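This is what each chain is made of:
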Amino acid sequence: MRDPRSAIEFARLQKDAAEEALKDFLRIPSVSTLPEHKEDMQRAAEWLSSQLEQLGFDQVAILPTAGHPVVYGEHMKAGASAPTILFYGHYDVQPADPLELWESEPFDPQLRGENLYARGASDMKGQVVAHLQALEAMLETGELPVNLKYMVEGEEEIGSPSLEAFIREHSDRLDCDFCLNADGGILGADLPSITYALRGLAYFELHVEGPDHDLHSGQFGGVVANPANVLARLIAGMHDADGKITLPGFYDQVRELSTDERAALSQLPQPDSWWQDQTGAPALWGEAGYSSTERAAARPTLDVNGLLSGFTGTGGKTVLPAKAMAKISMRLVPDQDPDSVHAALRSYLDRNTPDSVRWNLEMLASCRPGMVERDSDAVHAAVQALEAVWGKAPLFKREGGTVPVVGMIKDMLNVDSMMLGFGLPDDNLHAPNEKFHLPTFHRGIETFIRFTFEIAG
């Protein structure tokens, strides 16, 4: 296996050029959700495709979707025996509002201390540029030791509505051994870490209806069932006193945490006091028998996200409402799937809803959980790369949130995703004064180089 040191030395000599490339990309206000930035989205796609062309990629194209395009390119010169990696990223960013809270213009990158401030710096143009710089260093000092495909979309910040159809249409082109997803982060500038699991999602809207119109609670209270009361009882019954979800069969597919996983998660710098400080809650709550970190990242949940019924204005109105509605989300863990928990929720409602009301349940969104096994080649390569760059073994963590593309790629391409990114918890993602820590940016470049050589070996 070729030694990565020459590529790393090249990257270290190109630090200023790497930062200038990042600034160029950040100056493009590629805000996917705002129609007035459609031309900027095209400019960002063209900037990225030109980078791939300069690196000698083949089949470089800005491929259309129903929304914003996907940038594609491939570098398939390492031979059939080398692994084929699909790199995933996104070039779109969140709106910069509220503008008055920015200390500098959001699309005019500014260096303050060790941080570069601009919208998209961490999420995720900085991550994309770090990988591009790693590729340049490797290609300028030799051949790329892996086969590589690039898929960088322009709609991640609006939920990737066109990506599923794109992957389905181009599944042959996207064939690979695994996906490298750089849309992630580490626990701290001096705390390298690997996210090996993400929770999935099932999101529902539940409607409960009683009388055919709102009624006077004095005239009809006690005669007909109040849908708001029924909905409140149904929701209350979805957990027991120990915080366990009561839906029949809900835990049947849940993969239990192993002893070594629990030991690894206990090493994260997130004691109960950390969770309480982050939330401002008067006390913590959750499923008995698990730590706060395990509850937040490695156990399934059921939460009410919204409630609506009856009169909610100022003052009083003695109404018996005709209907009530709740929005309910479930975070899923391996090996749960959205259809199974959907069936569990329906079964619970069938068993517990009285005949005095009608109910209707709709699943609005879903995503499978994602997990890459900790003894996989990709994780071993990431461990070796991070330890070589940071001088310490990385921590293993699971994320409580959901990244829909991970589930899509698993379902449609049947490959796992390796999450390897270098954002920091205080990077102000989606908020004013978003930033990227430049020493971590450069460490990220070196990590991508070492990871590529490790996985090739």
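On a predicted model such as this, the values are computed, not experimentally measured, just so you know. Sequence order sets the numbering: in each chain, residues are counted from 1 along the sequence as written. With pLDDT at 70 or above as the cut-off, local features in this predicted model cover only qualifying residues; side-chain atom pairs require 80 or more to be listed or tallied, and sums for whole chains, interfaces and linings still use all residues. Each side-chain value is worked out from all heavy atoms of the structure, with water and hydrogens disregarded.

Here we look at the sheet that holds strand β13 (residues 323-332)
Here is step 1: Taken together, the 4 strands give an open sheet; going across it, the order is β11-β13-β9-β14, and neighbouring strands pair in antiparallel fashion. The open sheet has two edge strands with one neighbour each: β11 (301-309) and β14 (358-367). In this sheet, adjacent strand axes meet at a mean angle of 15 degrees when their direction is disregarded.
Here is step 2: The pairing of β11 with β13 spans 8 bridges and is antiparallel. Residue leucine 308 lies in a different strand from β13, and its bridge partner there is methionine 325.
Here is step 3: By the convention used here, residues are in contact when the closest approach between their heavy atoms is within 4.5 Å. Orientation is described by lines fitted to C-alpha atoms, with helices fitted over the stretch in contact, and by angles between N-to-C directions that extend from 0 to 180 degrees. Helix and strand assignments come from DSSP, with helices taken as H or I runs of at least 4 residues and strands as E runs of at least 2, each series counted from the N terminus. With respect to the sheet, helix α7 (residues 227-236) is in contact with β9 (200-209), β11 and β13, its orientation differing from that of β13 by roughly 15 degrees.
Here is step 4: Of the strands in this sheet, β9, β13 and β14 touch helix α11 (residues 338-352), which is tilted by about 165 degrees from β14. For two strands to pair, DSSP has to find at least two bridges joining them.

Observations regarding the packing of helix α3 (residues 38-54) against helix α4 (residues 121-140)
When two helices pack together, their arrangement is captured by the angle between the axes and the distance separating the axes.
Here is step 1: Axis separation between α3 and α4 bottoms out at 11 Å; the angle between their running directions is 15 degrees. The orientation of α3 relative to α4 falls into the category roughly parallel. Read as a crossing pair, α3 and α4 show a hand that is left-handed. In this structure, α3 uses Trp47, Leu48, Gln51 and Leu52 to contact α4, whose residues at the interface are Val128, Val129 and Leu132.
Here is step 2: Among the residues making up the contact of α3 with α4, the classes are represented as 6 nonpolar, 1 polar and no charged. An angle below 35 degrees is read as roughly parallel, one above 145 as roughly antiparallel, one from 65 to 115 as roughly perpendicular, and any other as oblique. What makes a crossing left-handed is the near helix being turned counterclockwise from the far one by less than a right angle; a clockwise turn instead makes it right-handed. Think of it as three bins: nonpolar holds Ala, Val, Leu, Ile, Met, Phe, Trp, Tyr, Cys and Pro, charged holds Asp, Glu, Lys and Arg, and polar takes everything else, Gly as well.

A short note on a nonpolar patch on the surface
Here is step 1: On the surface, Phe220, Val223 and Val224 cluster together into a nonpolar patch covering about 240 Å² of accessible area.
Here is step 2: The residue valine 223 is located in the loop between α6 (217-220) and α7 in this model.
Here is step 3: Burial classes follow relative accessibility: with a 1.4 Å probe on protein chains only, a residue under 20% of its type's maximum area counts as buried, one over 50% as exposed, and anything between as partly exposed. The exposure class of valine 223 is exposed, given its relative accessible area of 62%. Like charges are joined within 9 Å and nonpolar side chains (Val, Leu, Ile, Met, Phe, Trp, Tyr) within 5 Å, but only among residues with over 30% relative accessible area and no salt bridge; these make up the patches. Here the accessible surface of atoms and residues is derived via Shrake-Rupley with a 1.4 Å probe, and residues count as covered only by protein chains that are part of the display. The term salt bridge refers to a side-chain nitrogen of Lys or Arg lying within 4 Å of a carboxyl oxygen of Asp or Glu.

A closer look at the sheet that holds strand β4 (residues 110-112)
Here is step 1: Strand order across the open sheet formed by 3 strands is β4-β5-β18, with antiparallel pairing between neighbours. Single-partner strands in this sheet number two, and they are β4 and β18 (435-437). Geometrically, the sheet is characterised by an average inter-axis angle of 25 degrees between neighbouring strands, direction not taken into account.
Here is step 2: As paired strands, strand β5 (residues 115-117) and β18 are joined by 3 bridges and run antiparallel to one another.

Some remarks on the packing of aromatic side chains
Geometry of an aromatic ring pair is reported as the spacing of the ring centres plus the angle between the planes.
Here is step 1: Put simply, two rings from Phe, Tyr or Trp (the six-membered ring, in Trp's case) pair if the centres are within 6.5 Å, and we call them stacked under 30 degrees between planes, edge-to-face over 60, tilted for the rest. Counted under the stated rule, the structure contains 10 aromatic pairs.
Here is step 2: Look at tyrosine 196 and phenylalanine 396: their rings are 6.0 Å apart centre to centre, the planes differ by 75 degrees, and that puts the pair in the edge-to-face class. One end of the pair, tyrosine 196, is in strand β8 (residues 193-198); the other, phenylalanine 396, is in strand β16 (residues 395-399), and 200 residues separate them in sequence.
Here is step 3: Note on tyrosine 196: relative accessible area 2%, which makes it buried.
Here is step 4: Between tryptophan 274 and tryptophan 275, the ring centres sit 4.7 Å apart and the planes meet at 90 degrees, which makes this aromatic pair edge-to-face.
Here is step 5: With relative accessibility at 29%, the residue tryptophan 274 sits in the partly exposed group.
Here is step 6: By the ring-pair criterion, three or more aromatic residues cluster together here, those being Phe57, Phe87 and Tyr150.
Here is step 7: Across the ring face of tyrosine 117, the terminal group of arginine 112 is positioned such that the distance to the ring centre comes to 3.9 Å. Remark: a charge is flagged as sitting over a ring if the NZ atom of Lys or the CZ atom of Arg is within 6 Å of the ring centre and within 35 degrees of the ring normal.

Quick notes on the environment of leucine 111
Here is step 1: Within the secondary structure, leucine 111 sits in strand β4.
Here is step 2: Using a relative accessible area of 49% as the deciding quantity, one classes leucine 111 as partly exposed.
Here is step 3: For the pair leucine 111 and phenylalanine 436, spaced 325 residues apart in the sequence, the C-alpha separation amounts to 9.7 Å.

Describing the nonpolar core
Here is step 1: What is meant by a nonpolar core is a set of buried Ala, Val, Leu, Ile, Met, Phe, Trp, Tyr and Cys residues, joined one to another through side-chain atoms within 4.5 Å. Ranked by internal contacts, the top residues of the largest apolar core, which has 77 residues, are Tyr150, Leu180, Met418, Phe441, Ile449 and Phe451.
Here is step 2: Setting aside residues up to four positions removed in sequence, phenylalanine 441 forms contacts with Ala18, Glu19, Leu22, Gly126, Val129, Ala130 and Phe436.
Here is step 3: Counting residues in each nonpolar core, the second largest holds 29 residues, with Leu247, Ala326, Met330 and Val341 among its members.

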